[in-house]
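So the chains spell out like this:
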Amino acid sequence: MRFLALMVDAAGLRAWRERVLLGVVALVFALIGIVYLAAAGFGALARWLGPLDADLMFGVGFLLLALLCWGITRYRWRRRPRPAQTPAQTGALLAVLAEGLALVRSLMRKDPAVLALLAILLGTLRSMLQKGDSPSD
């Protein structure tokens, strides 16, 4: 039975690999077609307006396309869905905090100097992380 499951997985993997390979080949052909269309458009525009004007128009056009793509990407990134904190995550955070408090309590009893060093280290780490936060993202 296990052999049959492995064969099914191997067939699915082979089909997935073929699909990805054909997708990459289609993408390469599409890019070649786009380049030929852009070259033909540039040639026609260069004959109509002249080579310098055609260069300027194509350059500005591609810069505007890049700016449009960048703007769409930035818009979508800022409005992406963010996962809400579930009660399980809150419970896990509280469990970690409880373990941390138990560790601090045991350090206070055994060696207060280590606790002071740990507090300085954690304070330094916190200040470094707060300086690295960027408010734009």
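Reading the values: the criteria
In this convention, every chain numbers its residues from 1, walking through the sequence in written order. Owing to the predicted nature of the model, reporting of local features is limited to residues with pLDDT of at least 70; listing and counting of side-chain atom pairs is limited to 80 or more, with chain, interface and lining totals taken over all residues. Side-chain calculation: all heavy atoms of the structure are included, whereas hydrogens and water are not. Where helices and strands are cited, they refer to DSSP runs of H or I of at least four residues and of E of at least two residues respectively, numbered from the N terminus. Exposure categories follow from relative accessible area, calculated using a 1.4 Å probe and restricted to protein chains: below 20% of the type maximum is buried, above 50% is exposed, and the middle band is partly exposed. The method behind every accessible area is Shrake-Rupley, applied with a 1.4 Å probe, and residues are considered shielded solely by the protein chains displayed. Only Phe, Tyr and Trp rings take part, Trp by its six-membered ring, and two of them pair if their centres are within 6.5 Å. Stacked means planes under 30 degrees apart, edge-to-face means over 60, and tilted covers everything else. What pLDDT expresses is the predictor's confidence in each residue, scored from 0 to 100. Patches here: salt-bridge-free residues with over 30% relative accessible area, like charges joined within 9 Å, nonpolar side chains (Val, Leu, Ile, Met, Phe, Trp, Tyr) joined within 5 Å. In the sections that follow, a salt bridge refers to a side-chain nitrogen of Lys or Arg positioned within 4 Å of a carboxyl oxygen of Asp or Glu.

**Student:** Looking at this structure, how should I read the overall build of the protein?
**Tutor:** Each helix and strand counted, the protein has four helices and zero strands in total. Element order for the protein, N to C, with α for helix and β for strand: α-α-α-α. Expressed as a percentage of the 137 residues in the protein, the buried residues total 4%. Split by element, the accessible area of the protein, about 12,400 Å² in all, is 73% carbon and sulfur.

**Student:** In this structure, what is going on with the packing of aromatic side chains? I would like to understand it.
**Tutor:** We describe a pair of aromatic rings using the distance from one ring centre to the other and the angle between the two ring planes. Enumeration according to the criterion identifies two aromatic pairs in this entry. Taking 5.5 Å as the distance between ring centres and 90° as the angle between the ring planes, the aromatic pair formed by F42 and F58 counts as edge-to-face. With F42 in helix 1 (residues 2-49) and F58 in helix 2 (residues 51-78), the pair connects residues that are 16 residues apart, well separated along the chain. Look at F42 and you get partly exposed, because its relative accessible area is 26%. The exposure class of F58 is partly exposed, given its relative accessible area of 23%.

**Student:** Would you mind going over the confidence of the model for the protein with me for this structure?
**Tutor:** The predicted coordinates of low-pLDDT regions are not to be read in fine detail. When pLDDT is averaged along the protein, the result is 80, and 84% of the positions lie at 70 or above. Averaged pLDDT values over the elements of the protein bottom out at 75 in helix 4 (residues 112-132) and peak at 89 in helix 2.

**Student:** Just to check I follow, could you spell out a nonpolar patch on the surface for this structure?
**Tutor:** A surface patch of nonpolar side chains, amounting to about 1,000 Å² of accessible area, comprises L13, W16, V20, L21, V24, V25, V28, F29, I32 and Y36. Position of F29 among the secondary structure elements: in helix 1. According to the relative accessible area criterion, F29 is exposed, its value standing at 59%.

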